[in-house]
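An overview of the molecular structure
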Amino acid sequence: MRFKTSLLNKPKHTDLVSCVGWMSPDEVYSCGDDQQLLQWNLLSGETTKVSDLPKDVYPLDLHWLPKTAMQKSKVGSEVFLLTAADGKFYIVGRSGRTDKVVEAHRGAVLAGRWSHDGAGLVTAGEDGLVKIWSRSGMLRSTLAQVPVPVYGAAWAPDSDAVIYTSGYNLIIKPLAPNSKPIQWKAHDGVILKVAWNPNTGLILSGGEDTRYRVWDNFGRQLYSSSQHHHPITSLSWSPDGQLFAAGSFNTLRLCDKAGWCHSLEKPNTGSIFNLAWSSDGTQVAGACGNGHVIFAHVIENHLEWKNYEATVTSRKTIALRNVTNEAWEKLELRDRIIKVSLSHGHLVVVTSTQAYIYSTRNWNTPIILELKESNASLIVQSERHFLVVDGASVYIYSYDGRLLCSPRWPGMRTDVLNNRTVSLSDDTLAIRDKTDEKLVHLFDSTTGKALNDGKPWTHKTEIIEVALDKVGTAHERRMAVVDRNRDLFLVNIQRVGGMGRAVKLGGMVQSLCWNDGANMLAALQDAKFTVWFYPAVVFFDRDLQSSTISEKDATEYGKNAVVDSFLDTVVTVRRADGSLVTANVSPYPALLHNYVTAKHWDDAVRLARFVKDDTVWACLAAMATAYKELNTAEVAYAAINEVDKVQYIHYIKEIPIKEARMAEMALMGGHTSDAESILLQSGLHFRAIMLNLTTYNFERALQLAIKHRTHVDTVIAFRQRYLARFNKNETSKVFQQYEKQVEVDWKKIQEKIELEFQTEREKPTSSK
């Protein structure tokens, strides 16, 4: 991946250019010390003067009102914020007409930024003040005062805090009154620029010590560059937060979010004072000290899927290669390429006006879609369909070009959606909420209808990443969730009647990825590379969890590595320096998944006997338990010497009623409430009471006995025997009340219990 830069032979500005901003993906505004406001049209290549600023106005920063705020507002909302050296900021319309002039600071207004929702703006000045203003230019508060000029300021992802520079330090100040700021020394020289990405939450800073650095939102350093020859004068995140650009004297860098440099350009620009990304994340504009405006386009984005490679070689061409037979294809598109995704046998290319769907079986005749808003920011693929985030909407299409649905949810913000907060399977769509990061919205991906009556799934802490498994039926769908504490949870998605519970799989998880062909999960976890061959084992037999995972040392991947893909038996890990490292896992669990999905239990047992591996046997035991396959479960548990489980399965097989067997299988997996609900729905009240007695849940057993008017004396008898064993006296008032009303006769109780079992055995509907 690299920048392809372009500069005009002669600069259009006659003096230093101080700031640039994108009105649309093909339209840029620039201004500088020559007081000219110029408009650059990238489609036609024309540059026109919009207006002349007053002679005493020397602009320093320019920021367009965010698109999301424009779409919510009425006509005439296409405005930008312009800060200047005269201590004022200007709100200027698209035509160059000044709508508002505000006296903001004593000395120059060095930085000005709209909040992400466009409801307010922040300015930072030479007088050391940081001020918050309303959208109309009314002062809301003076957020901070420092004894040195504040050269940079940026909003937090939720617009509830501001980060600003103070000499060598960075300070995060929440907007809430009396809240404590976070401050740390970030550089060995004066900090000139700071940027905070709303998608990833990462902070970027650069200064006169000639370094740029990446931080998390707690002020912990994630990356520090080597020293450059000149101070870092400009920085900017791409909208999705995966890349950033850094500029200094005659230097432009394209870097990964981990800090690693993809490309270094040496254009003849002088110092680059300001950088701005287009909303589609494909282009950068830079304000240059010699009067030029530099444009850089991101090319050579490289994608891989199985034996196919796709490389964006220029603004409108893609080179394809099949590595198995060295066949090459070149795709030439009409418009500029914005987003490309290659997965599940399809290449999806989004240009500035259309979407092209190519099949790996035929590159010649793509299906072409007309985009509704022509501002795509994300593509997510599943086996049967794909999702496109286009402007302010989310669309799901089938691979034959049909629009399936366009899901919506309260407080919808599409500008912050990314691959970590959106996950798509063939039947389910999961999207983490941005306004409340503890919530995950779940939709049917074919209809767009919200699951669980529109109620989102709620976690106890903020969620960082969501990922749906890819294989199986809709009622078996599960979601992996990584929260702010880096704990990994697995959630059973129930489409009606409330969400299933979340079970913790592990902790300190950096990155994860589901396998494309089987429900196996790979993750980098606390200096270990871990693969869960059957993560759902936690729902059916928690004791087998440690036997169904593979762990290896992950120190070779270094810090901040990411699991890039998990295809077949190959896991690809991208290290922090951008290099790709592959790791192989055992092929047998994937084969086992395939046999079980096809209900070929005999083949699954034969495979396990051939491999003679305890991990495969443990996976088979858990899968058989999940699918209530008692014979297979018995064989598998016997192979791994789980004698108690084998005996319990023998007991279950002797039960004459199918529903009772299902309840006992649920109980074997530790799901007492599920077992009870199965029994009660089947009318097996006696078994439900005995279930609670055997699990020492006496209060619930008595509730059921009273409700169904049966075996109250049995519950009292078992309770008395339990207390007598531990020499305890009865303290429960309910039990004391019924002890007076009920006579306990163990002989009669045993006869009643035997009669219940006899009745079950004689039922004509009983089925083995």
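Whatever comes next refers back to the structure up there.
Given the structure is predicted, the values throughout are model-derived calculations rather than measurements.

As a further point, take the overall build of the protein chain. Helix and strand counts for the protein chain stand at 14 helices and 55 strands. Principal-axis analysis of the C-alpha atoms gives the protein chain an extent of 105 × 65 × 45 Å. Considering the protein chain as a whole, with its 768 residues, one finds that 57% of them fall into the buried category. Averaging the locations of the 88 positively and 86 negatively charged side chains of the protein chain gives two centres separated by 3 Å.

Next up on the list: the pattern of salt bridges. With the rule as written, the count across this model stands at 37 salt bridges. One salt bridge connects Lys434 with Asp158, and the closest N-O pair in it is separated by 3.9 Å. Taken together, the residues Lys434 in the loop between strand 42 (428-432) and strand 43 (439-444) and Asp158 in the loop between strand 14 (153-155) and strand 15 (161-166) connect sequence positions 276 residues apart. A relative accessible area of 8% means that Lys434 is categorised as buried. A salt bridge links Arg484 to Glu462; the nearest nitrogen and oxygen atoms lie 4.0 Å apart. Linking Arg484 in the loop between strand 46 (478-483) and strand 47 (488-492) with Glu462 in the loop between strand 44 (457-458) and strand 45 (463-468), this pair joins segments that are 22 residues apart in sequence.

Let's shift gears to the side chain of Thr414. Secondary-structure assignment places Thr414 in the loop between strand 40 (403-405) and strand 41 (422-424). Judged by relative accessible area, which is 4%, Thr414 ranks as buried. For Thr414, the side chain forms a polar contact with the main-chain oxygen of Gly391, separated by 2.6 Å.

With that out of the way, let us pick up the packing of aromatic side chains. Enumeration over the complete set of coordinates arrives at 28 aromatic pairs. With centroids separated by 5.0 Å and ring planes inclined at 80 degrees, the aromatic side chains of Tyr29 and Trp64 adopt a geometry described as edge-to-face. Of this pair, Tyr29 sits in strand 3 (residues 27-32) while Trp64 sits in strand 6 (residues 59-64), and the two are 35 residues apart along the sequence. Over the ring of Phe735 we find Arg719; its NZ or CZ atom is 4.6 Å from the centre of that ring. Above the face of the Phe718 ring, Arg721 is positioned so that its terminal group lies 5.0 Å from the ring centre.

The complete set of buried residues in helix 7 (residues 643-653) reads Lys645, Val646, Ile649 and Ile652. For helix 7, the buried positions fall inside an angular range of 115 degrees around the axis, keeping them on one side. Turned more than 90 degrees away from the buried face of helix 7 sit Val643 and Gln647, all of them exposed. Looking at the buried side of helix 7, the elements it contacts are helix 6 (630-639) and helix 8 (658-668).

Leu488, Leu512, Phe529, Tyr534, Tyr557, Leu620 and Tyr637 are the most contacted members of the largest nonpolar core, which has 67 residues in total. By residue number, the principal contributor to this core is helix 5 (residues 614-626), which donates 10 residues. Excluding residues within four positions of it along the chain, Leu488 makes contact with Ala480, Val481, Val482, Val503, Lys504, Leu505, Gly506, Val509, Leu512, Leu521 and Trp532. Ranked by size, the runner-up nonpolar core spans 30 residues in total, among them Ile657, Leu667, Val742 and Ile749.

Glancing now at the environment of Tyr595. Along the chain, the position of Tyr595 falls in helix 3 (residues 588-597). Put simply, Tyr595 and Leu607 are 12 residues apart on the chain and 9.3 Å apart in space, counted from C-alpha to C-alpha. Residues in contact with Tyr595, not counting those within four places in the same chain, are His600, Asp603, Ala604 and Leu607.

If you trace the 4 strands from one edge of the open sheet to the other, you get 10-11-12-13, paired in antiparallel fashion. A single partner strand is all that each edge strand has here, and the edge strands are strand 10 (109-114) and strand 13 (139-145). Strand-to-strand, the axes of this sheet are offset by a mean angle of 20 degrees, without reference to chain direction. Relative to strand 12 (residues 129-134), strand 11 (residues 120-125) is paired through 5 bridges, and the arrangement is antiparallel. Across the sheet, residue Val122 finds its bridge partner in strand 12, namely Ile132.

To continue, consider the state of the cysteines. Counted under the stated rule, the structure contains 0 disulfides. Just so you know, Cys19 is unpaired, no disulfide at all, and the nearest cysteine sulfur is the one on Cys31, 3.4 Å from it. In this structure Cys255 is not part of a disulfide, and its nearest cysteine sulfur, from Cys261, lies 4.4 Å away. Residue class for Cys255 comes out buried when judged on its relative accessible area of 0%.

One non-glycine residue, Lys306, adopts positive backbone phi at about 50 degrees. For Lys306, the position within the fold is in the loop between strand 29 (302-305) and strand 30 (308-312). A relative accessible area of 43% places Lys306 in the partly exposed class. Backbone geometry places Asp526, a non-glycine residue, at a positive phi of 50 degrees. Residue class for Asp526 comes out partly exposed when judged on its relative accessible area of 49%.

On to the environment of Ser134, then. The residue Ser134 is located in strand 12 in this model. By relative accessible area, Ser134 is classed as buried at 11%. In sequence terms Ser134 and Gln750 are 616 residues apart; their C-alpha atoms lie 78 Å from each other. Setting aside chain neighbours within four positions, we find Ser134 in contact with Ala119, Gly120, Leu121 and Arg140.

The element strand 45 is extensively covered by neighbouring structure, given that 5 of its 6 residues are classed as buried. Pairing analysis gives 5 bridges linking strand 45 to strand 46, with the strands arranged antiparallel. Looking across to strand 46, one finds that Ile463 is bridged to Asp483.

Here we take up the sheet that holds strand 5 (residues 46-52). Taken together, 4 strands build an open sheet; the order of strands is 2-3-4-5 and the sheet is antiparallel. One side of each edge strand has no neighbouring strand; the edge strands of this open sheet are strand 2 (17-24) and strand 5. Ignoring strand direction, the axes of neighbouring strands in this sheet form an average angle of 25 degrees. As paired elements, strand 3 and strand 4 (residues 36-41) share 5 bridges and run antiparallel to each other. Bridge assignment links Ser30 to a residue of strand 4, and that residue is Leu38.

What counts as what
Residues numbered from 1 in each chain as written. Predicted model: local features only at pLDDT ≥ 70, side-chain atom pairs only at ≥ 80, totals over all residues. Heavy atoms only, no water. Helix = DSSP H or I, 4+ residues; strand = E, 2+ residues; numbered from the N terminus. Buried < 20%, exposed > 50% of the residue type's maximum accessible area, 1.4 Å probe, protein only. Lys, Arg positive; Asp, Glu negative; His and termini not counted. Charge placed at Lys NZ, Arg CZ, Asp CG, Glu CD. Salt bridge = Lys/Arg side-chain N within 4 Å of Asp/Glu carboxyl O. Polar contact = N/O pair within 3.5 Å; in protein donor to acceptor, adjacent residues only side chain to side chain. Phe/Tyr/Trp six-rings, centres within 6.5 Å; stacked < 30°, edge-to-face > 60°. Lys NZ or Arg CZ within 6 Å of the ring centre and 35° of its normal. Arc of directions from axis to C-beta. Contact = heavy atoms within 4.5 Å. Core = buried A, V, L, I, M, F, W, Y, C linked by side-chain atoms within 4.5 Å. Pairing = 2+ DSSP bridges. Axes fitted to C-alpha atoms, helices over the stretch in contact; angles between N-to-C directions. Disulfide = S-S within 2.5 Å.

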